[in-house]
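For reference, the chains in residue letters:
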Amino acid sequence: MINHEIKIAFDEYDSLKDLDTADYDLCLEAATALKNSHSPYSKFRVGAALRLHSGRIIYGSNQENVAYPSGLCAERVALFYWGANHPDDPVEAMAVTAQTDEFMLSKPVTSCGSCLQVLAEVEKKQDKPIKIILYAGQGPVWVIKGIENQLPFLFFEERLTT
């Protein structure tokens, strides 16, 4: 028997003000994206903003549907838009924020497994890790470098791509 250990790493900042200017600005863009959330059922708004290598910003917000499985998370809305429109301009960073009027969010909201798997595919496609910045309200900010710090057992089958 071999015992394996997996470690993940991320940086925690007290507030957005502690980030460098580029990351702070990207977080403000995620808050802008949040405004286009269509979330009449959960009342849980999520916004995502991607910063591409060129400096271009791409927005995504969660889009719910009365037929629940038909909706899509903010992260995937932004990542799929990137893949359809700017696949040759690598994603440098993604900021994600959430808000609800139902209760106070005291810590960042993490991406769901489906979004993490799509993020893994994007990193693999561009052969470059993506910086993820998660925050909500006045709480801490988490900065995570690369998908392996969020999804250590990501699914990727090399034989499917050859």
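Residues numbered from 1 in each chain as written. Predicted model: local features only at pLDDT ≥ 70, side-chain atom pairs only at ≥ 80, totals over all residues. Heavy atoms only, no water.

A. Geometry of the pattern of salt bridges. Using the criterion set out here, one finds five salt bridges in the structure. In this structure, Asp23 and Lys131 form a salt bridge, with 2.8 Å as the shortest nitrogen-oxygen distance. Of this pair, Asp23 sits in helix H1 (residues 21–34) while Lys131 sits in strand S5 (residues 131–135), placing them 108 residues apart in sequence. The salt bridge partner of Arg45 is Asp101, with a shortest N-O separation of 3.3 Å. Placement of Arg45 in strand S2 (residues 44–52) and of Asp101 in the loop between strand S4 (91–100) and helix H3 (113–126) is noted, with a sequence separation of 56 residues between them. Under the relative-accessibility criterion, Asp101 is labelled exposed at 66%. A cluster of three or more residues bridged by salt bridges with shared partners is formed by Asp23, Arg51 and Lys131. (Salt bridge = Lys/Arg side-chain N within 4 Å of Asp/Glu carboxyl O. Helix = DSSP H or I, 4+ residues; strand = E, 2+ residues; numbered from the N terminus. Buried < 20%, exposed > 50% of the residue type's maximum accessible area, 1.4 Å probe, protein only.)

B. Region of interest: the sheet that holds strand S3 (residues 57–61). Spatially, six strands are ordered S1-S6-S5-S4-S2-S3 in an open sheet, and the strand pairing comes out mixed. Among the strands making up the open sheet, the edge pair consists of strand S1 (11–13) and S3. Within the sheet, the average angular offset between the axes of one strand and its neighbour, ignoring direction, is 15°. Sheet strands in contact with H1 are S2, S3, S4 and S5, and its direction is about 135° off that of S2. (Pairing = 2+ DSSP bridges. Axes fitted to C-alpha atoms, helices over the stretch in contact; angles between N-to-C directions. Contact = heavy atoms within 4.5 Å.)

C. Quick peek at the side chain of Arg76. Relative to the elements of secondary structure, Arg76 occurs in helix H2 (residues 74–85). No salt bridge is formed by the buried Arg76; its nearest oppositely charged neighbour, Glu75, is found at 6.7 Å. Among all residues touching Arg76, those that are not within four sequence positions of it are Cys112, Ser114, Cys115 and Val118. (Lys, Arg positive; Asp, Glu negative; His and termini not counted.)

D. Region of interest: the pairing of strand S6 (residues 141–145). Taken across its five residues, S6 has four buried, putting it largely inside the fold. Here three bridges tie S1 to S6, and the two strands are oriented antiparallel to one another. Paired with Tyr13 across the bridge in S6 is Val141. In the sheet, S5 pairs with S6 via five bridges, with the strands oriented antiparallel. Residue pairing in the sheet places Lys131 in a bridge with Lys145 of S6. Hairpin connection of S5 to S6: five residues between the antiparallel strands, including Gly137 at a positive phi of 55°.

E. Representation of the packing of aromatic side chains. For the structure shown, the criterion picks out three aromatic pairs. Relative to Tyr68, the ring of Tyr41 has its centre 5.9 Å away and its plane inclined at 75°; by these criteria the two rings are edge-to-face. With Tyr41 in the loop between H1 and S2 and Tyr68 in the loop between S3 and H2, this pair connects stretches of sequence that are 27 residues apart. (Phe/Tyr/Trp six-rings, centres within 6.5 Å; stacked < 30°, edge-to-face > 60°.)

F. Quick look at a nonpolar patch on the surface. A cluster of nonpolar side chains, Ile6, Ile8, Phe10 and Phe153, forms an exposed patch at the surface whose accessible area comes to about 450 Å². Position of Phe10 among the secondary structure elements: in the segment before S1. A relative accessible area of 41% means that Phe10 is categorised as partly exposed. (Patch = residues over 30% accessible without salt bridge, like charges linked within 9 Å, V, L, I, M, F, W, Y side chains within 5 Å. Areas by Shrake-Rupley, 256 points an atom, 1.4 Å probe, with all protein chains shown as cover.)

Everything listed here is a matter of geometry and, on its own, says nothing about what the molecule does.
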